Every structure is written in C-alpha cells, then in structure tokens.
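Each chain, written out:
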Amino acid sequence: MKTVQKEDTTKKDIHALLPVLIALCLIPLVILTKDYQTEFSKFSWFNNTEINQIDSFEYAKGVLVIIMGAIAAAVIGFSEYGKMQKKKRLFENADLKVVILIAVYLIMVIISSLFSQYTNLAFHGGGYGQWQSMWVLLGYGMLFMYAYLFINSEKRGLLTIKYLMISTGILALMGVLQTSGHNPLSWKWVQNIITSQSNVEGIDFKEGVSNVILSFNNPNYVGPYIALILPISAAFIFLRAFEEKSKAIAAKIAGALIVIGLIVSLIGSSSSAGFISVLAGAVLALILVLSGVFWGKRAKTEDQADSDEQPHKKSMKGLIIGLCAVAVLVTAGIFSFRSGYLQNTINKLLEGGNDTRNVASIVNTKADELEITLRNDNQFTLAPKIDANGQFSITAYDDSKKPLSIQQVGEQKTYTFSDPRFSMLTLDVNNFTIEDQVYSGFRINDAPNSISWIFVFKDGKWKYYTPFGKFIRLRKVESFGFKDYQNIANRRGFIWSRTIPLMKDYWFKGIGPNAFIIAFPNDDFVGSKRVGQTTATNLVDKPHNAFLQIFIQTGGLSALAYGGLWILYMISGIRIFWRRKRYRNIDIIGLGLLVGIFSFAVSGITNDTIIGTQVIYWTLLGTGYAVNRIIRSEERK
C-alpha cells in the first residue's frame, strides 16, 4: 500500500516538475536545421547582398524555451492567484530580494526590446546566428522562477538531479564518440532528421576546429556546459539516489561513468575556458569541504541524535571526500601536463602578448587627409591630392607638422619613408578598377606583416575600400585597455577593448537582444586587421563575455540584476556550506549546484551566452535557490 502511494506521489512530483525536466533534459539535446537570411547588407561592415545561412543548434532550442517559459508563467500565475484567493502573500515562499532581481532583469529585457531600433532581431532573432530573442530571455526567467517555487522538497530536488543525469549521460556519450572520431551528428540517419525542415541535404564541420561540440554550435561552449554540469555529476556519485541498495550502487557507477565521459569530452573540445573553470570549481569545492573537516561544527537538525552518534565517522567522511578532491586535482594536473592540454591553454591565454603589427588606427580627417597612428603611438598625416588633370601627388608630415620625406622606389609607383619611425610602411599608388569604374588611389602597406588598406578618390573625397566592396570614411574608434594584448585569449583583448567603451552608451536599455553585432564597431577595419587573419576582416557578433553581452544588449541594469542573482546565490550557498561537517543528500545536491554555478560564471568571463547552455544555467540557478531554501528550512526545524 505504501509503495503504491509512494509511486502516486512520485508521479505527481514528476508532473509538477515537467517544465523543469524538459528544460534540463530535452531542450539541450534538440538539433534541427533552420534556413534564414542575414539582415545586414545596409551596414558598411557587411556584404552588399544578404547571405543564405542555416542554424542547426539554437533556433529549435529557442522555440522550446519559449513554449516551456509560457507554460511555466501560466502555472506560476494560476498558483499565485490561488494563494491570493486564500489571502496568502504573493510569492510567500520566495526571498523578496530574488523576486526583485529577476523582476528587474525581465522588465529591462522587455524595455530594451520595445525601444530597440532593431525590433526584428529583438523579437525574432536571426541576423548572424543569434536567437536569444526577448521571448527566449523571458522564458529563461520563467523557468528560473518555476524551479525556485516548485522544487519545494528534498524528493523533488533529487528527482530533478536524477533526470538531469539522463540527458547528461547522453551528451557525455556523444562527447566520447566525437572525441574518438565517431561523431553521431555525422551519421546519415541523424543528418536526415536534423535537416528534415531545411533545404540543405546535410551539415558538416569546419576543418581545423574540434568536432567535439556535443549538441552546441561550437567547441567553445562545451567548456561552460561541462563546468556547470561536472560538479553536479560528481556530487551525484555521493548521493543515495535510490533506497534499494543495488539501484543505489548502479546509480553511483553510472555517475562515475558520466564524470569520465564529461572529462574526455572536455579534453577533446580543447576548451581552455572549460578547463580553467573546472579547476576553479574544484578549488572552491575543496575549500568548502575542508572547512568542515578542520573547523566544522555539527548542525542541530531534527535528527540530532543520529548526528551525535559516532561524530568521528562524519569527520572521516568529510576528510575522505576532501582527499578525493585533491586526488582528482592532482590527477587532472598530471594528465594535463603530460597531454600538453594545460600548455595549450596557457599558450592561448598569452598568445597576444607579442604584438608586432604596426598600424593601430587610420582616420579620415575633415581636411580629407589620413591621420595614421602606429602601435608605438607615433603619428603622422598623409595628404594625398588629385589635381584638375587627374594627376596624383602625396605629401606627409608628423605630429609636430614637420614634413616627412617620401621616396619613390625605382620606376615603380611604390613609395617609402626615409624617417626610421615610419620605415616599416610603404605606399603603392595605382588605379583601381571597381565595378567597371576606374578610381585613382593607393595602398598603405604594413610591409613586415603583409597587411594593407586601399584608399580611392571617390565623389571628391578619399575613402577606404572595404573588403565587402563598399566605400567609407574611416572614423576614430574608442578603445580601452589591452593596448599591447589585442590578440590575447584568441583576440578577446581586441574585442573587450572595443566593447568596454560601449557601456556608457548602453547602460540603461541596451541596443536590444541579438543586436550586439550592430553595437560593436565592426567598421574598425584597421583594428580588425591587427588581430586574426591579416588578409580578411573578421566580424564580431558577440563579446565573448556573458556580462558584457547582457550589458550591451539589454542594458546595464539587466546585467547588474543578472550578476546580482548569481552573487546573492553564491553568498547564500557559501554561508550554508562553510564549516559544514555533515552532508545529507540535500546538502550534496546543494554543494554540487553551488560549485557548478560558480564554475559556469568563471567560464562566462571569456564566453558569451547561448540558448543551449543558458536554459540549463537559469533552470539550475532556480534549483539551487530552491535547494538552499529547503536546507535552511530543515535547519530551522
């Protein structure tokens, strides 16, 4: 009779948690190709015609987030309305600070979308592969609140983690297969399913980039996902997931296999951010566990008698867990050094420390001259002229207005500077045929680095001819920091240096969801050629930093609320687990969530947000808040 009753309550719990379980277990696995076109041909930094593109990893996930978010909102609304009818306080079981922070975030998302100049991007997404529309962002918030409000018991918390392990196991297996060169996404029948709603016959992966992408669109996102999930999977090993001994042991074995699969996937992805984030999380876990081993006090709970019994065994258990964590760290460190993974990570971070590219900026002045600044801050001005007969001449002077000597090399129309400060630059004077028209112009060459910029005389002005076939006047682009480290962390120094000055313009409502690519100065054609490839211009569609991405797109207030939710949760969690000597099931779950959410934030320093990882993060953040509430409630008893 008790077994039947227990099964009935379990079914009710599963039904109550469906939006959470679908968000954690189904949405991350969805891959379905969508055909779409870009909308940026009007901008100087894009092609003259739109480009047909496909998205396989984000759009379909976004649709499901919107659906689940709407269901979550409806259930929350009905639930709170019912409480109000019973004269109960609105969100009576929630922390008011949490409610205020999530409300501020969601309100600012709506405001930034409604007042954006790019409402199509804000409400529908697309553009350059960005699908986090206003509706998706609101969906995150609703799933967060749903998990926070409806995970109200240890049983529901454990159910959530057990179901999470199912999807985690699938992705871990996929990662192992991808690492071994047997990518399931390349199988014919899988490709048929993925492309069933598209005009393309199949999708492939770029050469030279790791194929270990799990179900995301780039290996870079494997790291943040594993940073978030690995600590929770490790915690699952220590849980008593089932009362029946054989099932409990099987669950521990499954948890260990999942952890191994995630580690293999992380190594296969070569994600430096993931590696660093996992280590940071391991350090936090070690500190918290050892604080209980050496300085912990027994908690006074309703089962105090059990806690008082054989306290040395509780201490030994904590010590063993701590030593296991140390062993994992040491093993990971040794393996990393032997495999070259750690060295590769360090090389990525320090890659931009030796910047040899000479030209820092070129600006068209009002006098129709070119003001050129070098990396070492030396400046000079080029004054090209076209006379009435179409004859070209050029003079130059430095920042003290002293004329510079320009010499022609032989009979060629190549000119050099005799001044050693600028001797690394050359000028090639020529006529350029563009779209069946001939323009007088010249090419500025950073000779040692094989970088060049073409300027032509058009409509009575000197204009830069972009790699996208357009004519523009180069402007001064604001920059902050990273002067000699533009290429650091795979050119993130360049991206951050151009993004930080934008914060003063978008501190309130931002530019709108999915519109970072428009806010970023992609018309900085000189700066762009100083990083990455020397022969092409790389568009920047994301800042590779979660906080900056939110700040620029939905405003500073939304970013502060987003960060505030994380800080409030971390403070609450650290207070709970600092000097904790005894870990029950609910405590192990809470610690795993705390470490995972901390690690994910660390990875967010160098990675932006995508739907595939954000839907898991927001749902688990709500779960973490709920678990902490359960722990505090039990301790108050």
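Here, the structure is the one placed above.
These numbers were taken from a predicted model, which means no experiment stands behind them.

Basis of the calculations
All residue numbers refer to position in the chain's written sequence, counted from 1. Side-chain atom pairs in this predicted model are given and counted only at pLDDT of 80 or more, local residue features only at pLDDT of at least 70, and totals for whole chains, interfaces and linings cover all residues. As a convention, hydrogens and water are excluded, and side-chain values are obtained from all of the structure's heavy atoms. Numbering of helices and strands starts at the N terminus; helices are DSSP runs of H or I of at least 4 residues and strands are runs of E of at least 2. Working rule for helices: expected span equals 1.5 Å times residues minus one. Note on exposure labels: buried denotes an accessible area under 20% of the residue type's maximum, exposed denotes more than 50%, and partly exposed covers the range between, all computed with a 1.4 Å probe on protein chains only. If DSSP finds at least two bridges between two strands, the strands pair. Axes here refer to lines fitted to C-alpha atoms; in helices the fit is confined to the stretch in contact. Angles between the N-to-C directions go from 0 to 180 degrees. The cut-offs work like this: below 35 degrees is roughly parallel, past 145 is roughly antiparallel, 65 to 115 is roughly perpendicular, and the gaps in between are oblique. Here a crossing is taken to be left-handed if its near helix is turned anticlockwise relative to the far helix by less than a right angle, and right-handed if that turn runs clockwise. Whether two residues are in contact is decided by their heavy atoms, any of which lying within 4.5 Å being enough. Three classes are used: nonpolar for Ala, Val, Leu, Ile, Met, Phe, Trp, Tyr, Cys and Pro, charged for Asp, Glu, Lys and Arg, and polar for all others, with Gly counted as polar. Planes of paired rings set the category: under 30 degrees apart is stacked, over 60 is edge-to-face and the rest tilted, where pairs are Phe, Tyr or Trp rings (Trp by its six-membered ring) whose centres lie within 6.5 Å. A patch consists of residues exposed above 30% relative accessible area that lack any salt bridge, with like charges linked at up to 9 Å and nonpolar side chains (Val, Leu, Ile, Met, Phe, Trp, Tyr) linked at up to 5 Å. Note on areas: these come from Shrake-Rupley sampling with a 1.4 Å probe, and a residue is covered only by the protein chains present in the view. A side-chain nitrogen of Lys or Arg and a carboxyl oxygen of Asp or Glu constitute a salt bridge if their distance falls within 4 Å.

Peer 1: Outline helix 6 (residues 134-150), supporting the account with residue identities and numerical values.
Peer 2: For helix 6, with 17 residues, the first-to-last C-alpha span of 24 Å sits near the 24 Å given by 1.5 Å per residue. The buried fraction of helix 6 amounts to 15 of the 17 residues, a majority that puts the element mostly inside the structure.

Peer 1: So what's going on with the sheet that holds strand 10 (residues 437-446)? Which residues, and what values?
Peer 2: One open sheet holds the seven strands; their spatial order is 7-8-9-10-11-12-13, and the pairing between them is antiparallel. Both outer strands of the open sheet, strand 7 (406-408) and strand 13 (471-472), are each paired with one neighbouring strand and no more. Note: strand 9 (residues 425-434) against strand 10, ten bridges, orientation antiparallel. In the strand pairing of strand 10, Thr 426 is matched with Asn 445.

Peer 1: A description of the packing of helix 2 (residues 18-25) against helix 21 (residues 611-636) should follow, citing residues and the corresponding values.
Peer 2: Contact geometry of helix 2 with helix 21 gives a least axis separation of 8 Å together with a crossing angle of 140°. When the interaxial angle is binned, helix 2 and helix 21 end up oblique. The element helix 2 and its partner helix 21 pack so that their crossing is left-handed. Seen from helix 2, the contacting residues are Val 20, Ala 23 and Leu 24; seen from helix 21, they are Val 615, Ile 616, Thr 619 and Leu 620. Here the residues of the contact of helix 2 with helix 21 sort into six nonpolar, one polar and no charged.

Peer 1: Give me the lowdown on the packing of aromatic side chains, citing residues and values where you can.
Peer 2: In total, this model carries 44 aromatic pairs according to the counting rule given. An angle of 75° between the planes, with centres 5.8 Å apart, marks the rings of Phe 40 and Phe 46 as edge-to-face. Residues Phe 40 and Phe 46 agree in their burial class; the two are buried. When the ring of Phe 494 is compared with that of Phe 520, the centres are 6.1 Å apart and the planes differ by 75°; the resulting orientation is edge-to-face. Residue Phe 494 is located in helix 15 (residues 488-499), and its partner Phe 520 is located in the loop between helix 16 (516-519) and helix 17 (525-529); the two are separated by 26 residues in the primary sequence. For the pair Phe 494 and Phe 520, a shared accessibility class is recorded, and that class is buried. One aromatic cluster is present, built from ring pairs that chain together Tyr 105, Tyr 140, Phe 144, Tyr 148, Tyr 562, Tyr 569, Phe 600, Tyr 617, Trp 618 and Tyr 625.

Peer 1: Describe in detail the packing of helix 2 against helix 7 (residues 154-179), supporting the description with residues and values.
Peer 2: For the pair helix 2 and helix 7, the least separation of the axes is 8 Å and the interaxial angle reads 30°. Relative to helix 7, the element helix 2 lies roughly parallel. Helix 2 and helix 7 meet at a crossing whose hand is right-handed. Mapping the contact onto sequence places Val 20, Leu 21, Leu 24 and Cys 25 in helix 2 and Thr 160, Tyr 163, Leu 164 and Ser 167 in helix 7.

Peer 1: Can you lay out unusual backbone geometry for me, pointing to particular residues and giving the numbers?
Peer 2: What you tend to see is this: most non-glycine residues have negative phi, and most peptide bonds are trans. We note that Lys 87 has phi near 65°; this positive angle belongs to a residue other than glycine. Following the sequence through the fold, Lys 87 ends up in the loop between helix 3 (59-85) and helix 4 (96-114). Judged by its relative accessible area of 77%, Lys 87 falls in the exposed class.

Peer 1: For a nonpolar patch on the surface, give the residues involved together with the corresponding values.
Peer 2: On the surface, Leu 96, Ile 100, Val 104, Trp 507, Phe 508, Phe 547, Leu 557 and Leu 560 cluster together to form a nonpolar patch covering roughly 750 Å² of accessible area. Those elements that provide at least two residues to the nonpolar patch are helix 4 and helix 19 (556-577). With three residues, the single largest contributor to the nonpolar patch is helix 4. Along the chain, the position of Trp 507 falls in the loop between helix 15 and helix 16.

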